[in-house]
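# Fold and contact review
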Amino acid sequence: PNYRCAMPSDGSGLILQMHPGVAPWTEWYAERQQPFDFVLLGNPLNAEGGQLQIQTPGGQCRKDEDALPLHYPKILRPRVSCTWKGVVIPRAGRYDVCWCDRTYGATCVLWQLVGQIAVAGPINSTAPPEPALLGPM
């Protein structure tokens, strides 16, 4: 009748503290073609079974063939953090960072958007240079 969830209903029952899991939103910064260390934090964080991928922004987090997957972190702090060393992102721009710590074998059951990464650097720098017109000679 009092809509409480404790047994007994006087509030003297077992209290379970719930932790939020992976850090809810993080922004990372990197430079195009420059290695950097990528660290994901959480409380608790399923570091042993998680998968991380970097994908184009605005979509839903899901297994994406065009995404950059980060396999097997170099440093694991179980239930606290994962660190990938020497991550290189080939193109400048903003990307979504997606995390999955609920897997069934190699298949992710629940992807989560955990933040964005901003990659600085020239855009379209792989295109051949174009001549510049300087005016009449």
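Here the structure is a predicted model, which means the values were calculated and not measured. (Residues numbered from 1 in each chain as written. Predicted model: local features only at pLDDT ≥ 70, side-chain atom pairs only at ≥ 80, totals over all residues. Heavy atoms only, no water.)

### Notes on the pattern of salt bridges
This model, assessed by the stated rule, comprises one salt bridge. One salt bridge in this structure joins Lys 85 and Asp 37, with 3.1 Å as the shortest N-O distance. You can see Lys 85 sitting in strand E7 (residues 81-87) and its partner Asp 37 sitting in strand E3 (residues 36-43), a full 48 residues away along the chain. (Salt bridge = Lys/Arg side-chain N within 4 Å of Asp/Glu carboxyl O. Helix = DSSP H or I, 4+ residues; strand = E, 2+ residues; numbered from the N terminus.)

### Things to note about the confidence of the model for the protein
Detailed reading of the predicted model is not advised wherever pLDDT is low. When pLDDT is averaged along the protein, the result is 77, and 72% of the positions lie at 70 or above. Here strand E1 (residues 21-22) is the element of the protein with the lowest mean pLDDT, 67, and strand E8 (residues 93-100) is the one with the highest, 91. (pLDDT = per-residue confidence, 0-100.)

### Thoughts on the state of the cysteines
Tallied over the full model, the rule gives two disulfides. For Cys 61, the disulfide goes to Cys 98, at an S-S distance of 2.0 Å. Residues Cys 61 and Cys 98 are joined by a disulfide whose S-S torsion is about -70 degrees; by sign, that bridge is left-handed. A residue pair is termed long-range when its members are at least 10 positions apart, and Cys 61 in the loop between strand E4 (51-55) and strand E5 (68-70) and Cys 98 in strand E8 qualify at 37 residues. Between the sulfur of Cys 100 and that of Cys 108 lies a disulfide, 2.0 Å long from S to S. Note on the Cys 100 and Cys 108 pair: the S-S dihedral is about 100 degrees, so by sign convention the disulfide is right-handed. Each member of the pair, Cys 100 together with Cys 108, is buried. Ordinal numbering of bonded cysteines along the protein defines a disulfide pattern of 1-2, 3-4. (Disulfide = S-S within 2.5 Å. Buried < 20%, exposed > 50% of the residue type's maximum accessible area, 1.4 Å probe, protein only.)

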